[in-house]
Amino acid sequence: MEYCKWWLGVGATRLVTWHPEDPMGFADDHLIPLVDTGLGNSAYLVDLGDGRALTVDATRDLRALRAEAGRRGLTVAFAADTHLHADFLTGALQLAADDGAAVLASAAGRRAFAHRALSDGDEVDLGGLTLRALATPGHTDEHLSFLLLDGTRELGVFTGGSLIVGSVARTDLLGADRAQELARAQYRSLHRLARLPDPTPVWPTHGAGSFCSAPPGAERTTTIGAEKRANALLAAPDEDTFVRLLLDGLGSYPAYFDRLAEANRRGPAVLDGTPSLPALSPAEVRRLLGEGAQVVDVRSVRGFAAGHIPGALSVHLRDQFATWLGWLLPEKTPLVFVTGPGQDLAELTFQALKIGYERLCGRLTMDVWTADGGERETVELVAPGRVADRAVLDVRRRSEWDAGHIPGALGIELGDLPGRADEAPASTVVHCAHGERAMTGASLLQRSGHRDVAVLTGGPDDWAEATGRPLWEGA
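So, a few notes on the structure that sits alongside this text. (Residues numbered from 1 in each chain as written. Predicted model: local features only at pLDDT ≥ 70, side-chain atom pairs only at ≥ 80, totals over all residues. Heavy atoms only, no water.)

**Points about the pairing of strand E19 (residues 335–338)**
Put simply, the rule is: Relative accessible area decides the class of each residue, using a 1.4 Å probe on protein chains only: under 20% of the type maximum gives buried, over 50% gives exposed, and in between gives partly exposed. Labels follow the DSSP assignment, with helices taken as runs of H or I lasting at least four residues and strands as runs of E lasting at least two, numbered in each case from the N terminus. Here, any two strands with at least 2 DSSP bridges between them count as paired. By convention, a crossover is right-handed whenever its connection, traced from the first strand over the helix to the second and viewed with the strands pointing away, goes clockwise.
The alternating pattern of E19 places Leu335 and Phe337 on one face and Val336 and Val338 on the opposite face, and all of these are buried. The pairing of strand E17 (residues 294–297) with E19 spans four bridges and is classified as parallel. The residue bridging Gln294 from the neighbouring strand is Leu335, located in E19. Here E19 runs beside strand E20 (residues 360–364); their pairing, made up of four bridges, is parallel. From the neighbouring strand, Val338 faces E20, where its bridge partner is Leu364. Where the polypeptide runs from E19 across helix H11 (residues 345–353) and back to E20, its parallel neighbour, the crossover connection is right-handed.

Structure below.
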């Protein structure tokens, strides 16, 4: 036959076709990646051809999924999770509540909510296609990959973190003492997946920008054959070499990763619509601060520098907002947000909710605060050519520091700064690559008592260009 064909489900109205020699053709027409660039992850929506859909690794922020499903006239019938995610709350329970979706997940995960518990080799009839569970521990103990089949033909495999583009996901999220054990399990899982036919499409969850990746690949999807040719970890000559290469490549990760897997095991609360973020008066904000709330200023670097509430934490509302919120503040902290004109309140709310931050008290603007007589602090902005002999604090990640840093700078990763603020000079210029992390660092220093704090308007490359001096590499 020139084409593979099937009718899906009872009462199906659509005919699905694709070339059997080209499994990627199925993905082109029926698989929709939903990329969260801030977390560096991909969820997937699969059009099953009869008005129903399968999702894999959907987050609690379902806005993009809802929009795509609505555009295609789909109802989610199955919501599968490859593992107990550490970087976001699952959207599977919300889909079960809203759409009646059947939740598919590993039996070994011992989830505390209704789901279809799957073990190695178990199959789920999707109404014409089959989803087969493959036990692939390593990234987590209970990790599953899901092989999508039409009869015996492999249409693709959802690999979660067991195989990503050019690498595999990290194995230290259950503690450093288990990292090597899980790395060895990851080795076996990786080679199990590599036995699939070379043309099999690979649909990972983790990708570029994910702190679960070690290191992240540039592309989001791949094939088994491409990974055999290009994945350095898959090419490792033996298990010991694989373990060494994987563990040597691990960097830091956000603090909230340590608690979210258990939150996913228990199951996040189902949301009743989009939670509101009410406007607050300065009096209400003062009361909340007295009760232990934290002000998070989500405006731009320049907006925060020009004037902010004393003690506020600067976390610019951008793709990476959830990462830094989750890294720097406990999830039980009541939060008050300072917002600027035109900022997307739904984006702010859902970025917080998808990593388990639910005590969202409300918002106000600096105009309202200052009109009521509220105090302000400022941060000096320093051009790259005007640092002169001032002390410099570099808050980038260690891998960035090793690639090139300003001579004489002190390097403290932003995630470590709350516990190491006393190591920073009393007067310092903070920098990162562009300015957002640096302003977060400056706000942390101000909260710890530093008063002469400035932020570099650029990164080390800008400094090198402005001064004509070379960067230092390595330690």
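**Some words on helix H6 (residues 239–248)**
Going by this rule: Whenever two N or O atoms come within 3.5 Å, that pair is a polar contact, provided that in protein one can donate a hydrogen and the other can accept it, and provided that, for residues adjacent in sequence, both atoms are side-chain atoms.
When H6 is considered as a whole, its buried residues turn out to be Thr241, Phe242, Val243 and Leu246. Taking the backbone nitrogen of Asp240 as reference, a side-chain oxygen 3.3 Å away marks Asp238 as the first, capping residue of H6.

**Structural notes on the sheet that holds strand E10 (residues 130–135)**
Put simply, the rule reads: We call two residues in contact when some of their heavy atoms are within 4.5 Å. Axis lines are fitted through C-alpha atoms, for helices just across the contact stretch, and the angle between N-to-C directions can take any value from 0 to 180 degrees.
Spatially, six strands are ordered E9-E10-E11-E12-E14-E16 in an open sheet, and the strand pairing comes out mixed. Where the open sheet ends on each side, the last strands, each with one partner, are strand E9 (123–125) and strand E16 (222–223). In this sheet, E10 lies alongside E9 in antiparallel orientation, the contact comprising three bridges. Along E10, the bridge assignment pairs Val124 with Leu131. Docked against the sheet, helix H4 (residues 179–193) engages E10, strand E11 (144–150) and strand E12 (153–160), running at close to 145 degrees with respect to E10.

**Details of the nonpolar core**
Heads up, the condition is: In plain words, nonpolar cores are sets of buried Ala, Val, Leu, Ile, Met, Phe, Trp, Tyr and Cys residues tied together by side-chain atoms within 4.5 Å.
Counting residues in each nonpolar core, the largest one holds 67 residues, and the members touching the most others are Val296, Phe321 and Phe337. Here the element with the most residues in this core is helix H10 (residues 321–328); it accounts for six residues. Those residues in contact with Phe337, other than ones at most four positions away along the chain, are Leu277, Val296, Val298, Phe321, Leu348, Leu360, Gly362, Arg363 and Leu364. Ranked by size, the runner-up nonpolar core spans 24 residues in total, among them Ala27, Tyr44, Val46 and Ala133.

**Notes on the pattern of salt bridges**
To keep things clear, this is the line we draw: For this document, the term salt bridge refers to a Lys or Arg side-chain nitrogen within 4 Å of an Asp or Glu carboxyl oxygen.
According to the stated counting rule, one finds 33 salt bridges in the structure shown. Here Arg184 and Asp240 are joined by a salt bridge, their closest N and O atoms 2.9 Å apart. Pair noted here: Arg184 is in helix H4 and Asp240 is in helix H6, with a separation of 56 residues, a long-range link. The exposure class assigned to Arg184 is partly exposed, which follows from its relative accessible area of 22%.

**Brief notes about the packing of aromatic side chains**
So the rule is basically this: Centres within 6.5 Å make a pair out of two Phe, Tyr or Trp rings, where for Trp the six-membered ring is used; the pair is then stacked when the planes are under 30 degrees apart, edge-to-face when over 60, and tilted otherwise. Look at NZ for Lys and CZ for Arg. If either is within 6 Å of the ring centre and within 35 degrees of the ring normal, a charge sits over the ring.
Under the criterion given, the structure shown has seven aromatic pairs. Both rings, one in Tyr253 and one in Phe257, keep their centres 5.6 Å apart while their planes meet at 25 degrees; by these two values the pair is stacked. There is no split in this pair, since Tyr253 and Phe257 are both buried. The interplanar angle of 5 degrees and the centroid separation of 4.8 Å between the aromatic rings of Trp324 and Trp327 together place this pair among those described as stacked. One end of the pair, Trp324, and the other, Trp327, are both in helix H10, three residues apart, so they sit about a helical turn from each other. Taken together, the ring pairs connect Tyr44, Phe158 and Trp203 into an aromatic cluster. It is Arg286 that lies over the ring of Trp369; its NZ or CZ is 4.7 Å from the centre.

**Digging into the packing of H4 against H6**
Two quantities define a packed helix pair, namely the angle between the helix axes and the distance between the axes. Note the following rule: The scheme is simple: roughly parallel for angles under 35 degrees, roughly antiparallel for over 145, roughly perpendicular for 65 to 115, oblique for anything else. Working rule for handedness: look at the near helix, and if it is turned counterclockwise from the far one by less than a right angle, call the crossing left-handed; if clockwise, right-handed.
Look at H4 against H6: their axes get within 9 Å of each other, and the N-to-C directions meet at 120 degrees. Taken as axis vectors, H4 and H6 run oblique relative to one another. Both H4 and H6 take part in a crossing whose hand is right-handed. Contact residues: H4 offers Ala179, Gln180, Ala183, Arg184, Gln186, Tyr187, Arg188 and Leu190, while H6 offers Glu239, Asp240, Phe242, Val243, Leu246 and Leu247.

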